Amino acid sequence: MYLEEILYTQGFGTRRVCAGLVQQGFVSVGGTAVTDPGEDFATDGLRFTVQGAAWEYHEKAYLMLHKPAGTECSQKPSTYPSIYTLLPSPLRLRPNKGAVQGVQAIGRLDQDTTGLLLLTDDGQFIHRMGSPKHHVPKVYEVTTKHPVDPSQVARLLAGVVLDDDPKPVRAAACELTGPLHLSLTLTEGKYHQVKRMLAAVGNRVEALHRSRIGQLALSEDLLPGQWRWLRAEEVEALRTARAGQPTVGVDR
């Protein structure tokens, strides 16, 4: 693929801008500056630098972000900073056949909820992960206002009725991890579901953290606000994730 096209697909600007970056000597491959925008390179495993910043070619972007509190999962936030400001410009500007450029969050977390958030520019992957028929399990670590008793756990597992739907919603798994802490697994994604489920059993969520999606656990070394590329095996594990699979972390 021509170097100009490589830069364009990775989000470094229009084709004209990308050609200019190369011609001005701002792009290096293998430590050597390249000044011909039409020079051809194999993209598999290609690493390069643009104005000194290292980059690796990815045909599609699949990311893990540790969402911090006080951020919104929106391109046009209303009150708090957008999670997209935590990403480098090329990830926000990757060309997309749809109306929106760059990577998009798969689902949303409330502004005060922290933890694992996935982002991609792969529309099919977004649809697959968001489709209710696949029931991809998501694990939340919940801090409650009042001590959680066994009867509340039993009700969460049996199912509770929320105010907007007569059909009960239930936790796929629920485990007490402390007097004010529980680990809750859901396979659907209703609005404010965890908070509303805890309210339905007479408790209240004080803090909420998503630790796992499918078999993918949030990397322990990823600090709030940090992100990383997903590995190929992690993406494949997410593609095949369904309810009932063992939630064995593939991070290492």
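Only a predicted model underlies this, so the values are computations on that prediction, with no experimental measurement involved.

Engineer: Explain the pattern of salt bridges to me, please; I cannot follow it from the model alone.
Structural biologist: Opposite charge on two side chains lets them pair, provided their charged atoms get close. One pass over the structure, following the stated rule, counts 11 salt bridges. For Arg228, the salt bridge goes to Glu234, with nearest N and O atoms at 2.9 Å. Taking the shortest distance from any N to any O, the salt bridge between Glu234 and Arg231 comes out at 2.7 Å. On the basis of relative accessibility, which here comes to 0%, the residue Glu234 falls in the buried class. Taken together, the salt bridges that share partners define one network made up of Arg228, Arg231, Glu233 and Glu234.

Engineer: Would you take a moment to explain the packing of aromatic side chains for this structure?
Structural biologist: Remark: the centre distance and the inter-plane angle together describe each pair of aromatic rings, the angle taken between the planes. Scanning the entire structure with this criterion turns up 5 aromatic pairs. Here the aromatic rings of Trp55 and Trp229 are separated by 6.0 Å at their centres, their planes lie at 80°, and the arrangement is edge-to-face. Linking Trp55 in strand β4 (residues 53-56) with Trp229 in strand β15 (residues 227-229), this pair joins segments that are 174 residues apart in sequence. Note on Trp227 and Trp229: the rings are 5.6 Å apart at their centroids and 75° apart in plane angle, and the pair reads as edge-to-face. Feature note: the residues Phe12, Phe48, Trp55, Trp227 and Trp229 constitute an aromatic cluster, connected by ring pairs. Arg15 extends its terminal NZ or CZ atom over the ring of Tyr8, reaching a point 4.0 Å from the ring centre.

Engineer: Help me understand the pairing of strand β8 (residues 138-144) in this model?
Structural biologist: Within a regular beta strand, the side chains point alternately toward one face of the sheet and then the other, so they alternate between its two faces. For β8, a buried count of 5 out of 7 residues is recorded, marking the element as mostly surrounded by other parts of the structure. Sheet topology places β8 next to strand β12 (residues 181-186); 6 bridges connect them, and they run antiparallel. When the sheet's bridge partners are listed, Lys138 is paired in β12 with Leu186. Pairing between β8 and strand β13 (residues 205-213): 7 bridges, direction antiparallel. Each bridged residue has a counterpart across the sheet, and for Glu141 the counterpart in β13 is His209.

Engineer: Can you help me understand the nonpolar core in this one?
Structural biologist: Inside soluble globular proteins, nonpolar side chains tend to come together where they are buried. Among the nonpolar cores identified, the biggest contains 48 residues, and Phe48, Leu119, Leu184 and Val194 are the most heavily contacted of them. Discounting residues that sit within four places of it in the chain, Phe48 has contacts with Ile6, Leu7, Gln10, Phe12, Ser28, Val29, Ala53, Ala54, Trp55 and Tyr57. Ranked by size, the runner-up nonpolar core spans 16 residues in total, among them Met129, Leu218, Leu222 and Val235.

Engineer: What am I meant to see in the pairing of strand β5 (residues 62-67) here?
Structural biologist: With 6 of its 6 residues buried, β5 lies for the most part within the structure. Of the two faces of β5, the one holding Tyr62, Met64 and His66 and the one holding Leu63, Leu65 and Lys67 are both buried throughout. In this sheet, strand β7 (residues 114-120) lies alongside β5 in antiparallel orientation, the contact comprising 6 bridges. Among the inter-strand pairings, Met64 is bridged to a residue of β7, identified as Leu118.

Engineer: When you look at the side chain of Thr114 in this model, what are you seeing that I'm missing?
Structural biologist: With respect to the helices and strands, the residue Thr114 is situated in strand β7. Its relative accessible area of 19% is what places Thr114 among the buried residues.

Engineer: Quick question: what am I supposed to make of the confidence of the model for the protein chain here?
Structural biologist: Parts of the model with low pLDDT should not have their predicted coordinates read in detail. For the protein chain, per-residue confidence averages 92 on the pLDDT scale, and residues scoring 70 or more make up 95% of the total. Strand β10 (residues 165-169) is the least confidently modelled element of the protein chain, averaging 86 in pLDDT, while β5 averages 98, the highest of any element. A low-confidence stretch, residues 246-252 stays under pLDDT 50, and its non-local contacts, those more than four residues away or across chains, total 21 contacts.

What counts as what
Residues numbered from 1 in each chain as written. Predicted model: local features only at pLDDT ≥ 70, side-chain atom pairs only at ≥ 80, totals over all residues. Heavy atoms only, no water. Salt bridge = Lys/Arg side-chain N within 4 Å of Asp/Glu carboxyl O. Buried < 20%, exposed > 50% of the residue type's maximum accessible area, 1.4 Å probe, protein only. Phe/Tyr/Trp six-rings, centres within 6.5 Å; stacked < 30°, edge-to-face > 60°. Helix = DSSP H or I, 4+ residues; strand = E, 2+ residues; numbered from the N terminus. Lys NZ or Arg CZ within 6 Å of the ring centre and 35° of its normal. Pairing = 2+ DSSP bridges. Core = buried A, V, L, I, M, F, W, Y, C linked by side-chain atoms within 4.5 Å. Contact = heavy atoms within 4.5 Å. pLDDT = per-residue confidence, 0-100.

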